[in-house]
Each structure stands twice: as C-alpha cells, then as structure tokens.
Amino acid sequence: MATKTKVQITSESKGMQTVINAGKHTITIDEPADMGGNDTGADPLTILLSSLAGCENVIANMVAKEMSFDLQGIEFDIKGLLDLRGLMGEEGVKPYFEKVTINAKVKTSESQERVNELQSKTDKRCPVFTTFEAAGIELVPNWVKE
C-alpha cells in the first residue's frame, strides 16, 4: 500500500456557487439568498462540518474493525461556533470556527468505556479532526452509547 496519496478536486464558479468535480462525484456549494447566493447547495462552513462527520464515521468504522468493536452505526450532531465579523473582514476577529462540538450517538452493545476508547482512537486518526485541532480550534467531542 502506498504511504502517500494525493487528493484532488476541480471546480467551476458562477457567482457564489461553486460546482466541484471530485472524481465521479459532483458537489455544489452555494450561499443562501441573504448572503448573495442562490441556495443551490450547502454553504462552505456546513460542508466543512459535514466533512468532519464523514471522516469521523469512516475512521471509526476502520478503528472498530481493528478493535473488534460492535459498531452498528453512528449519528453525528456537529455544531460550529464562529464570529461572523471575522469573515466580514473585521480586524482582530478570527474568520474561522472558535469551537466545534461533536455529539455522537454510537449504536453498539459495547460499554461506554469502549465507546470512549473508540472516540479517542478515531479522533487521533481522523485527518479532518486533526486539521481542526492543528488550527487551534476548540474541539468538544461527546460520544455516547445509544
């Protein structure tokens, strides 16, 4: 197995809308009308949080298999907090998330202690989670057994 891989997309923009080609897949990112878009897709920050949920799910499934963990499913509810003044250009205000809270309901027959172990191992290996972490964003993971 190769130790390094390249991830690549191409995109075309029309006003606020961006249509992304990611291999065989197309993703549309846009802004709602009140932000100058046409609301033809989710906004970039929502897509970013969606990427976190998707990445955590993929890595959790990989880790669960390695741990012989009975993972029947995960539901994520992720909230990001940011100060809009930053992206509007106000000096001294961060234009990115200050805090991201990750609530996960883990469907399993395992104990809460094992759920905590799954969460910890997943967070350490998830490229999106660790990118947020490297940016200094406060991350609040809360995984509970369902």
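Rules used in this analysis
- Residues numbered from 1 in each chain as written.
- Predicted model: local features only at pLDDT ≥ 70, side-chain atom pairs only at ≥ 80, totals over all residues.
- Heavy atoms only, no water.
- Helix = DSSP H or I, 4+ residues; strand = E, 2+ residues; numbered from the N terminus.
- Buried < 20%, exposed > 50% of the residue type's maximum accessible area, 1.4 Å probe, protein only.
- Contact = heavy atoms within 4.5 Å.
- Areas by Shrake-Rupley, 256 points an atom, 1.4 Å probe, with all protein chains shown as cover.
- Lys, Arg positive; Asp, Glu negative; His and termini not counted.
- Charge placed at Lys NZ, Arg CZ, Asp CG, Glu CD.
- Core = buried A, V, L, I, M, F, W, Y, C linked by side-chain atoms within 4.5 Å.
- Pairing = 2+ DSSP bridges.
- Axes fitted to C-alpha atoms, helices over the stretch in contact; angles between N-to-C directions.
- Parallel < 35°, antiparallel > 145°, perpendicular 65-115°, else oblique.
- Left-handed = near helix turned anticlockwise from the far one by under 90°.
- Nonpolar A, V, L, I, M, F, W, Y, C, P; charged D, E, K, R; others polar.

So, the overall build of the protein chain
When you go through the protein chain residue by residue, the secondary structure sums to 4 helices and 6 strands. The secondary structure elements of the protein chain, listed N-terminal to C-terminal, are β-β-β-α-β-α-β-α-α-β. With respect to the principal axes defined by its C-alpha atoms, the protein chain has extents near 50 × 35 × 30 Å. Split into buried and exposed, the 146 residues of the protein chain put 31% on the buried side. Pairs at least 24 residues apart make up 58% of the contacts formed inside the protein chain by residues separated by at least 6 positions. For the protein chain, the exposed surface amounts to about 9400 Å²; the carbon and sulfur share of it is 53%. Charge centroids of the protein chain, computed over 16 positive and 22 negative side chains, lie 8 Å from each other.

As for the nonpolar core
Ranked by size, the top nonpolar core spans 28 residues in total, and within it Leu52, Val100, Phe132 and Trp143 carry the most contacts. Of all the secondary-structure elements, those providing two or more residues to this core are α1 (44–67), β4 (71–81), β5 (99–108), α3 (112–125), α4 (127–134) and β6 (138–145). The greatest single-element share of this core, amounting to 9 residues, is contributed by α1.

Thoughts on the sheet that holds β5
What the 3 strands build is an open sheet, ordered β4-β5-β6; its pairing is mixed. One side of each edge strand has no neighbouring strand; the edge strands of this open sheet are β4 and β6. Strand-to-strand twist of the sheet, defined as the mean angle between neighbouring strand axes without regard to direction, takes the value 15°. In this structure, β5 lies alongside β6, joined through 8 bridges in parallel fashion. Looking across to β6, one finds that Ala104 is bridged to Trp143.

Here we look at the packing of α1 against α3
Angle between the axes and distance between the axes are the two parameters that describe a pair of packed helices. One way to put it is that α1 packs onto α3 with a least axis distance of 9 Å and a crossing angle of 125°. Comparing their axes, α3 and α1 come out oblique. Two packed elements cross with a definite hand, and for α1 against α3 that hand is right-handed. When α1 is examined against α3, the residues Glu56, Ile59, Ala60, Met62, Val63, Ala64, Glu66 and Met67 are found in contact with a partner set consisting of Arg114, Glu117, Leu118, Lys121, Thr122, Asp123 and Arg125. Tallied by class, the residues present in the contact of α1 with α3 amount to 7 nonpolar, 1 polar and 7 charged.

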